[in-house]
Amino acid sequence: MNVHFIGIGGIGMSALARLYMERGNVVTGSDATDSYMLQALNDEGMGVFIGHSSMHLDSDVQLVIYSEAIPVDNPELVEARERSIPMKTYFQALGEITSEFRTIAVAGTHGKTTTTGLIARLLMDSYRDPTVVIGSMMKELDGKNMRMGGGELMVVEACEYRRSFLQLNPEIIVLTNIELDHLDYYEDLDDYLDAFRDFVSKLPEDGYLIANGDDENVRKVAESAMCEVLYFSMDSEDLDKLNLSIHGDHNRMNALAAFV
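Worth saying up front: this structure is predicted, and the values here are computed from it rather than measured. (Residues numbered from 1 in each chain as written. Predicted model: local features only at pLDDT ≥ 70, side-chain atom pairs only at ≥ 80, totals over all residues. Heavy atoms only, no water.)

## Re the sheet that holds strand β3 (residues 47-50)
- Pairing is parallel in the open sheet, where five strands are placed in the order β3-β2-β1-β4-β5. Two strands bound the open sheet, and with one partner strand each, they are β3 and β5 (87-89). Across the sheet, the axes of successive neighbouring strands diverge by a mean angle of 20 degrees, strand direction being ignored.
- Alignment of strand β1 (residues 2-6) against strand β4 (residues 63-66), held across four bridges, turns out to be parallel. (Pairing = 2+ DSSP bridges. Helix = DSSP H or I, 4+ residues; strand = E, 2+ residues; numbered from the N terminus. Axes fitted to C-alpha atoms, helices over the stretch in contact; angles between N-to-C directions.)

What follows is the structure, given as structure tokens:
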């Protein structure tokens, strides 16, 4: 399939573009300004354009994936609509892929990237061969922000902005913490917590919620879970089993979440 990404230079979009390419698709993309990421994607064999133009959509493009940050009047989006090319947002496309795996989704206001990276490293070191999508470059991922694995597990960073994480299909959710954020979208804390409750409701009955027991808001959300809830806490005896080379309570909690 020939797939075109609008906003390909973003950290999530670039990871998804790489994943699509490693799954055998022909990938092109565009972004408003040049960046190290665009150069890296171009070097990896993608056709990358700087700036947006309807001319960037080849006649054989079969799917357009776009960042939620792209305005509706973007010329490439307009061209795709006029040509009736199927279109998906980043999270719609990622969500479809997560349904193919036993997916571990890491959510929360803070610590998502670190915890996702720790889980990915643990699964790689234990020969589980995971597929990974993360919001940062990792040396363990050959300096990339994704990994195409051959195992049944996938680890993704789940963003709550505009309720985007509701597009994902997790079997396990890790909740690092919940502190009101994205006030340009959410009305108040109750609205914010409802989004996380809706996300937790997507877990199957035989799934797991890994929850920060020290966080009051996380506990409020966890009460709604219909599956088993496993809490982690600074009071946990498991902390004694961790031998971290990084310091700080936040890192300890992220590592404990990954361990659980």
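## Details of the packing of aromatic side chains
- Taken as a whole and assessed by the stated rule, the structure comprises eight aromatic pairs.
- A centroid spacing of 6.2 Å and a plane angle of 70 degrees characterise the contact between tyrosine 161 and tyrosine 185, whose relative ring orientation is edge-to-face. Of the two residues, tyrosine 161 is situated in the loop between β9 (153-157) and β10 (172-175) and tyrosine 185 in the loop between β10 and α6 (189-200); the sequence distance between them amounts to 24 residues.
- With a relative accessible area of 33%, tyrosine 185 lands in the partly exposed category.
- A centroid spacing of 5.0 Å and a plane angle of 80 degrees characterise the contact between tyrosine 186 and tyrosine 192, whose relative ring orientation is edge-to-face. Each member of the pair, tyrosine 186 as well as tyrosine 192, carries the same accessibility label: buried.
- Members of the aromatic cluster, each reached through a chain of ring pairs, are Tyr161, Phe165, Tyr185, Tyr186, Tyr192, Phe196 and Phe199. (Phe/Tyr/Trp six-rings, centres within 6.5 Å; stacked < 30°, edge-to-face > 60°. Buried < 20%, exposed > 50% of the residue type's maximum accessible area, 1.4 Å probe, protein only.)

## As for the side chain of threonine 176
- Note that threonine 176 resides in the loop between β10 and α6.
- The class for threonine 176 is buried, based on a relative accessible area of 4%.
- A polar contact is formed between the side chain of threonine 176 and the backbone oxygen of histidine 110, at a distance of 2.6 Å.
- Residues contacting threonine 176, with those up to four places away along its chain left out, are Val106, Ala107, Gly108, Thr109, His110, Gly111, Thr115, Asn212, Phe232 and Asn254. (Polar contact = N/O pair within 3.5 Å; in protein donor to acceptor, adjacent residues only side chain to side chain. Contact = heavy atoms within 4.5 Å.)

## Some remarks on helix α4 (residues 90-98)
- Of all nine residues that make up α4, seven are buried, and the element is covered over most of its length.
- For α4, the secondary structure elements touched by its buried residues are α1 (11-22), β4, β5, β6 (102-107), β7 (131-138) and β9.

## As for the pairing of β4
- Side chains Leu63 and Ile65 of β4 all project onto a buried face; the interleaved residues Val64 and Tyr66 project onto the opposite face, where all are buried too.
- Where β4 and β5 come together, three bridges link them in parallel fashion. The residue bridging tyrosine 66 from the neighbouring strand is threonine 89, located in β5.
- With respect to chirality, the unit in which β4 leads through helix α3 (residues 75-82) into the neighbouring parallel β5 is right-handed. (Right-handed = clockwise from strand over helix to strand, strands pointing away.)

## Quick word on the pattern of salt bridges
- A full pass over the atoms with the stated rule returns 14 salt bridges.
- One salt bridge in this structure joins glutamate 44 and arginine 18, with 2.7 Å as the shortest N-O distance. One end of the pair, glutamate 44, is in the loop between α2 (36-43) and β3; the other, arginine 18, is in helix α1, and 26 residues separate them in sequence.
- Look at glutamate 44 and you get partly exposed, because its relative accessible area is 26%.
- Of the residues examined, arginine 18 reaches a relative accessible area of 4% and is grouped as buried. (Salt bridge = Lys/Arg side-chain N within 4 Å of Asp/Glu carboxyl O.)

From the geometry alone we can't say anything about function, so treat these as descriptive.
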